Amino acid sequence: MSPIFLMSLFFGLAFGHAMSFCAPIEYLIHVEKRECAYCLAINTTICAGFCMTRDSNGKKLLLKSALSQDVCTYKDMVYRTVVLPGCPRHTIPYSYPVAMSCKCGKCNTDYSDCIHDTVRTDYCTKPQKPYNV
């Protein structure tokens, strides 16, 4: 192998995460409950971006540790809780995550949706009330 190829491979493996762009971005979710009179539009932050991935067409030839499927996920987050307007008193408040910082790492299904298909939250069927974090 040529020295240029080896150096390129070394730098790609060593500095791959430094070239990733994964950060909190603003996101608008719409929340409504059947028993409430209004829909609430909530401005929050989520993790989004690009993470370097090492994957090979020759997966069977490599060890699993040589493959990397990192996603942009939460490093630090807090949960905020709101009471939806126009709800009966017994209604449970709604809690949602707010990304404080993000990282490239393995997807944790305890608090992340690790598949591409997600529930659409960009619309309301009831009158809307804005809510800013």
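Our structure is the block above this text.
Residues numbered from 1 in each chain as written. Predicted model: local features only at pLDDT ≥ 70, side-chain atom pairs only at ≥ 80, totals over all residues. Heavy atoms only, no water.

What to know about the overall build of the protein chain
Then step 1. Scanning the protein chain for helices and strands turns up one helix and five strands.
Then step 2. Counting only residues that meet the buried cut, the protein chain has 23% of its 133 residues in that class.
Then step 3. For the protein chain, the proportion of contacts with a sequence separation of at least 24, taken over those separated by at least 6, is 67%.
Then step 4. Summed over its atoms, the accessible surface of the protein chain is roughly 9,800 Å², and 59% of this surface lies on carbon and sulfur atoms. (Helix = DSSP H or I, 4+ residues; strand = E, 2+ residues; numbered from the N terminus. Buried < 20%, exposed > 50% of the residue type's maximum accessible area, 1.4 Å probe, protein only. Contact = heavy atoms within 4.5 Å. Areas by Shrake-Rupley, 256 points an atom, 1.4 Å probe, with all protein chains shown as cover.)

Digging into the nonpolar core
Then step 1. In this structure, I29, V31, C36, L40, I42, V82, L84, Y96 and V98 together form the largest nonpolar core, which totals nine residues.
Then step 2. Looking at this core, the elements that each hand over two or more residues are β1 (21-31), β2 (39-50) and β4 (94-105).
Then step 3. Apart from residues lying up to four places away in sequence, V98 is in contact with T44, T45, D76, M77, V78 and R80. (Core = buried A, V, L, I, M, F, W, Y, C linked by side-chain atoms within 4.5 Å.)

Section: the packing of aromatic side chains
Then step 1. For the structure shown, the criterion picks out one aromatic pair.
Then step 2. A ring pair is formed by Y94 and Y96, whose centres lie 6.4 Å apart and whose planes are at 15°; its orientation type is stacked. (Phe/Tyr/Trp six-rings, centres within 6.5 Å; stacked < 30°, edge-to-face > 60°.)

Some thoughts on the environment of C22
Then step 1. Tracing the backbone through its elements, the reader meets C22 in strand β1.
Then step 2. As a C-alpha pair, C22 and C104 span 82 residues in sequence and 6.6 Å in three-dimensional space.
Then step 3. The contacts of C22, once residues within four sequence positions are left out, are A48, G49, F50, C51, C72, T73, C102, K103 and C104.

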